[in-house]
Amino acid sequence: DVVMTQTPPSLSVAIGQSVSISCKSSQSLVASDKNTYLNWLLQSPGRSPKRLIYQVSKLDSGVPDRFSGSGSEKDFTLKISRVEAEDLGVYYCLQGTHLPRTFGGGTKLELK
Amino acid sequence: EVQLVESGGGLVQPGRSMKLSCAASGFTFSNYGMAWVRQAPTKGLEWVATISYDGSSTYYRDSVKGRFTISRDNAKSTLYLQMNSLRSEDTATYYCTSNRYWGQGVMVTVSS
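Residues numbered from 1 in each chain as written. Chains lettered and ligands numbered in written order. Predicted model: local features only at pLDDT ≥ 70, side-chain atom pairs only at ≥ 80, totals over all residues. Heavy atoms only, no water.

### Points about the state of the cysteines
And step 1. Counted by the stated rule, this structure contains 2 disulfides over all chains.
And step 2. What pairs with Cys 23 of chain A in a disulfide is Cys 93 of chain A, and their sulfur atoms sit 2.0 Å apart. Across the disulfide from Cys 23 of chain A to Cys 93 of chain A, rotation about the S-S bond amounts to roughly 70°, and the bridge is consequently right-handed. One end of the pair, Cys 23 of chain A, is in strand E3 (residues 19–25); the other, Cys 93 of chain A, is in strand E9 (residues 89–95), and 70 residues separate them in sequence. For the pair shown, Cys 23 of chain A and Cys 93 of chain A are each scored as buried.
And step 3. With a sulfur-sulfur separation of 1.9 Å, Cys 22 of chain B is cross-linked through a disulfide to Cys 96 of chain B. Residue Cys 22 of chain B is found in strand E3 (residues 18–25), and its partner Cys 96 of chain B is found in strand E9 (residues 92–97); the two are separated by 74 residues along the sequence. Each member of the pair Cys 22 of chain B and Cys 96 of chain B is classed as buried. (Disulfide = S-S within 2.5 Å. Helix = DSSP H or I, 4+ residues; strand = E, 2+ residues; numbered from the N terminus. Buried < 20%, exposed > 50% of the residue type's maximum accessible area, 1.4 Å probe, protein only.)

Below, the structure is given as structure tokens:
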């Protein structure tokens, strides 16, 4: 199985601060169709997960452009510019290239 | 508005069976592969099973292979998860997802 290593496990931030979350995979996530299936999800407290970004850097509709994704092959980053209160929760990366699908361990974003 | 509404969870004894359902609306269900993802209490997300848009292909994580069956009824826009020989480690909130959208989740507790 592809192991997704997500760091840091937690982040304490002030509103307005910018943060980055790293996700590294044990295998390349480039699929046979040349796409890279790496998603970022946010699970707000008490809620179900919500997809923010797909295929590394494509924002889902309605997701603020404060969020951005980057990376390639095995190394990916989620950046949140100017954190707002609604951004707090647990972020997960998810690889969709290989079966079984695997998630990172999560990064809990909390208020400082 | 897209909705995925899970049902069928609850308390079940070890070794018994349970069937989850996920009613989809607001999108063309028959065009999309679907999956079940679970989350044990206080833990991260874990992919369980995936089914292709037409039901012709299914994939399972090793720990549920031979015990769980994912299926769909495109005429009813409904996804299912038949869970047999349940174990305490299957205790979790189960989410159905189209990858883009997620349901609110349904709790399954396996305990005597």
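### Regarding the layout of surface pockets
And step 1. Its volume calculated, the largest pocket comes out at about 780 Å³.
And step 2. Together, 33 residues line the largest pocket, and Gly 96 and Arg 101 of chain A together with Gly 33, Ser 98 and Asn 99 of chain B are the ones closest to its centre.
And step 3. Listed by contribution, the elements that provide at least two residues to the lining of the largest pocket are strand E5 (50–54) and E9 of chain A together with strand E4 (34–39) and strand E5 (45–51) of chain B.
And step 4. Among the residues forming the lining of the largest pocket, the class breakdown is 16 nonpolar, 13 polar and 4 charged.
And step 5. Of the volumes computed, that of the second largest pocket is approximately 600 Å³.
And step 6. As for the second largest pocket, its lining consists of 25 residues, and the residues nearest its centre are Arg 47, Ser 48, Pro 49 and Lys 50 of chain A together with Trp 102 of chain B.
And step 7. Elements with a minimum of two residues in the lining of the second largest pocket: E5 of chain A together with strand E1 (3–7) of chain B. (1 Å grid on protein atoms, 1.4 Å probe; cavity = no way out; pocket = protein on both sides within 12 Å on 5 of 7 lines; lining within 4 Å. Points joined across faces, edges and corners; volume = space filled by probe spheres on them. Nonpolar A, V, L, I, M, F, W, Y, C, P; charged D, E, K, R; others polar.)

### So, the interface of chain A and chain B
And step 1. Tallying the contact residues gives 14 residues for chain A and 14 residues for chain B.
And step 2. Both sides of the chain A and chain B interface together cover about 1,300 Å² of buried area, and 59% of this is carbon and sulfur.
And step 3. Its largest share of buried area at the contact with chain B, chain A owes to Pro 49, Arg 51 and Phe 103 of chain A, together 37% of the area lost on that side.
And step 4. Counting across the interface, chain A meets chain B through 1 salt bridge.
And step 5. Taking the shortest distance from any N to any O, the salt bridge between Asp 60 of chain A and Arg 100 of chain B comes out at 2.9 Å.
And step 6. Joining chain A to chain B, the criterion identifies 6 residue pairs in polar contact (both at pLDDT 80 or more).
And step 7. Tallied by class, the residues present in the side of chain A that touches chain B amount to 6 nonpolar, 4 polar and 4 charged. (Contact = heavy atoms within 4.5 Å. Buried area = accessible area lost by both parts, 1.4 Å probe. Salt bridge = Lys/Arg side-chain N within 4 Å of Asp/Glu carboxyl O. Polar contact = N/O pair within 3.5 Å; in protein donor to acceptor, adjacent residues only side chain to side chain.)

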